[in-house]
Structures are given as C-alpha cells and as structure tokens.
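Architecture at a glance
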Amino acid sequence: MITGANRGLGLEFVRQYAADGWRVLATYRNPADSGELLDLARQDRVEAFPLNVSDFEAISALSAKLRGESIDVFLSNAGLFGPKPGAESDLRQSFGHIDFGIVREVLTVNTLAPLKCAESFVEQIARSEQRKFVALSSIEGSISRAQRDLYAYRTSKAALNMVTRLLSGDLAPRGITVASICPGWVKTRMGGEFARLELEPAIADVRALVARLTLEDSGSFIESPGNPLAY
Ligand SMILES: NC(=O)c1ccc[n+]([C@@H]2O[C@H](COP(=O)([O-])OP(=O)(O)OC[C@H]3O[C@@H](n4cnc5c(N)ncnc54)[C@H](OP(=O)(O)O)[C@@H]3O)[C@@H](O)[C@H]2O)c1
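This write-up is about the structure you can find in this document. (Residues numbered from 1 in each chain as written. Predicted model: local features only at pLDDT ≥ 70, side-chain atom pairs only at ≥ 80, totals over all residues. Heavy atoms only, no water.)

**Remarks on the nonpolar core**
- The biggest cluster of nonpolar side chains holds 28 residues, and the ones touching the most others in it are Ile-2, Phe-13, Val-14, Val-24, Leu-37 and Leu-75.
- Not counting residues up to four positions away in its chain, the partners in contact with Val-14 are Ile-2, Ala-5, Val-24, Ala-26, Leu-37, Leu-40 and Val-46.
- Of all hydrophobic cores here, the second largest spans 25 residues; its members include Leu-62, Phe-74, Ala-78 and Ala-113. (Core = buried A, V, L, I, M, F, W, Y, C linked by side-chain atoms within 4.5 Å. Buried < 20%, exposed > 50% of the residue type's maximum accessible area, 1.4 Å probe, protein only. Contact = heavy atoms within 4.5 Å.)

So, in structure tokens, the structure goes:
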C-alpha cells in the first residue's frame, strides 16, 4: 500500500511493484492530477483510493473499507516540502519569515499522518507475511547534520524519524519491521530538475532496500541504497 501515489516517487513505486507482480493499493488526493495512476488502476493488480492524508477520519474510513486486506509493505510516502527558499525565494519556512500555518500543514502531512496511518492499518500489516511499515523520510531530518533554515520540512522529518523509532518498539511484539528511508535526491516535482538521481533506478534501489529489511533493522534511519544515517 502506498500513499501519495499519483506522481513522483509514489507513482514509480506503484509502477515497479505492479510490474513485479505485486497487488498494489495506491492512494491519491486529487483525481485531476492522478491520470497516470488511474490508468494503471485499470489493470488487475492496482487499485486506487482517494485519500487526503491530512484528513484523519478519512484514513480511519479507508482502513475500515480495507479491513479484510493484508498489507505486506505499507509505504508512507505522501509528503510536503513547503515553500522553497532557494530558487523560488519563498522564505516562509526561513527564520524571521515563518508562516506557522504552513509549518502546521507540513507537520500534519509528514509526521502525524504517517503515525495515524500506522495506527489505522496495523491490523492489516500484522496479518501479512512481510509485515513492514516504511516511511519516506529525508536526510534533511537528521538533527546531527542540521545547521539552519527549512524549519517546516526538516522538523517534520526529524519528528517522523522519532515516530518510526517509537513504532519500531511498539510494533516489535507483532513482528512488524518499521524504518525511515531517505530515497536520496530524486528528480520529482519535490526534488526538482537538478536532483542527482533518476526516478526509475532510485526507486529500484529503495525497493531492494525494503526487501532486505528484517526485524533486526527495525527503528533504523537509512539512506538508499543502504547507508545508515545518524538521527
Ligand atoms: N524527491 C526527493 O528528492 C526526496 C528526497 C527525500 C525524501 N523524499 C520524500 O519522498 C516522498 C515523496 O516525495 P516526491 O519527491 O515524490 O514528492 P512530490 O513529487 O512532491 O509528490 C508528493 C506526493 O505526496 C502527495 N501529497 C502531498 N500532500 C498530501 C496530502 N495531504 N494527502 C495525500 N497526498 C499528499 C502529493 O499528492 P498531490 O499530487 O495531490 O499533491 C504527491 O503524490 C515525500 O515524503 C518526500 O518528503 C523525497
């Protein structure tokens, strides 16, 4: 199951898992921006469901609708970067100019929604064979590397890492592996055109990393293709 699957990394996960023979439950927010996913959902292996992850009641409702499923890998992928201070000179997550409404929105989508998804879908994950909950995090959430700026995004991903760390302890008794994975800097709408990595090989690497995860890796923060990151 993949959230935020209509474009970017999420859509490429859908393509690759489906091509590999997996059944994929994919969520999207806006049908008008989800044409490629909805086309894929006309195949047998992909089912698409509307979900705005900021709407926690909608997350519970989707879980209830999918209560009979088993979910081997839950990829909490939907994410927001917030205003970009660089090229677009939008300073609303820079000190002195912070728009706290935006910070709240980014924290809701990047930190609280993954926690709500974990709580809502734990039964479906627990009854699967692989039992993995993976959050798409970012090296930008590493507190030990952080220096300045990008308050919303960096804080949200640092807190997401705390969420996955706590989940790893709480869900270990149920045999669920939880990890935060940074995919690297990838060409998507968020990553931008100057990103270092092409979408297809970057996602192939993340998928290989997810496939290798075992319960012993639970609680770790890893940069694809496999470097452990400091929190
Ligand atoms: N690209 C990178 O270099 C990079 C690096 C590190 C980490 N990541 C992480 O990887 C994940 C995917 O990134 P990406 O590069 O694919 O970003 P993207 O191109 O901006 O796509 C973001 C996805 O999240 C969805 N989304 C945002 N807010 C949502 C909400 N409230 N409800 C449901 N869906 C929502 C978007 O849906 P809409 O189309 O409806 O907006 C879109 O599908 C994010 O968590 C990001 O932080 C990316």
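**Description of the sheet that holds strand β7 (residues 227-228)**
- Ordered by their spatial adjacency, five strands build an open sheet running β3-β4-β5-β6-β7, and the pairing between neighbours is mixed. A strand with exactly one partner marks an edge of an open sheet, and here the two such strands are β3 (73-76) and β7.
- Of the strand pairs in this sheet, β3 and strand β4 (residues 132-136) are connected by four bridges, and their pairing is parallel. Paired with Ser-76 across the two strands is Ala-135, which belongs to β4.
- In the packing of helix α4 (residues 100-126) onto the sheet, contacts are made with β3 and β4, and the angle to β4 comes to roughly 160 degrees.
- Of the strands in this sheet, β4, β5 (177-182) and β6 (220-223) are in contact with helix α5 (residues 151-171), which crosses β5 at around 160 degrees. (Pairing = 2+ DSSP bridges. Helix = DSSP H or I, 4+ residues; strand = E, 2+ residues; numbered from the N terminus. Axes fitted to C-alpha atoms, helices over the stretch in contact; angles between N-to-C directions.)

**Let's talk about the site of the ligand**
- If you check the shell around the ligand, you find 29 residues, and the closest are Asn-6, Arg-7, Arg-29, Tyr-153 and Thr-188.
- Residue Arg-7 places a side-chain N or O atom 2.6 Å away from an oxygen atom belonging to the ligand.
- In this structure, a nitrogen atom belonging to the ligand sits 3.3 Å away from a side-chain N or O atom of Ser-54.
- Notes on the ligand: free accessible area 900 Å², of which the protein chains cover 95%.
- Elements supplying a minimum of two residues to the shell around the ligand: α1 (8-19) and α5. (Near = heavy atom within 4 Å. Polar contact = N/O pair within 3.5 Å; in protein donor to acceptor, adjacent residues only side chain to side chain. Areas by Shrake-Rupley, 256 points an atom, 1.4 Å probe, with all protein chains shown as cover.)

**Focus on the side chain of Lys-157**
- Note that Lys-157 resides in helix α5.
- Of the side chains with opposite charge, Glu-140 comes closest to the buried, unpaired Lys-157, at an N-O distance of 11 Å.
- Ignoring any residue separated from it by four or fewer positions in sequence, one finds Lys-157 in contact with Asn-110, Leu-136, Ser-137, Ser-138 and Gly-141. (Lys, Arg positive; Asp, Glu negative; His and termini not counted. Salt bridge = Lys/Arg side-chain N within 4 Å of Asp/Glu carboxyl O.)

**Quick notes on the environment of Ala-41**
- Locating Ala-41 in the fold gives a position in the loop between α2 (35-40) and β2 (46-50).
- In this structure, the C-alpha to C-alpha distance between Ala-41 and Ser-70, residues 29 residues apart in sequence, is 19 Å.
- Beyond its immediate stretch of four places on either side in the chain, Ala-41 contacts Val-46 and Ala-48.

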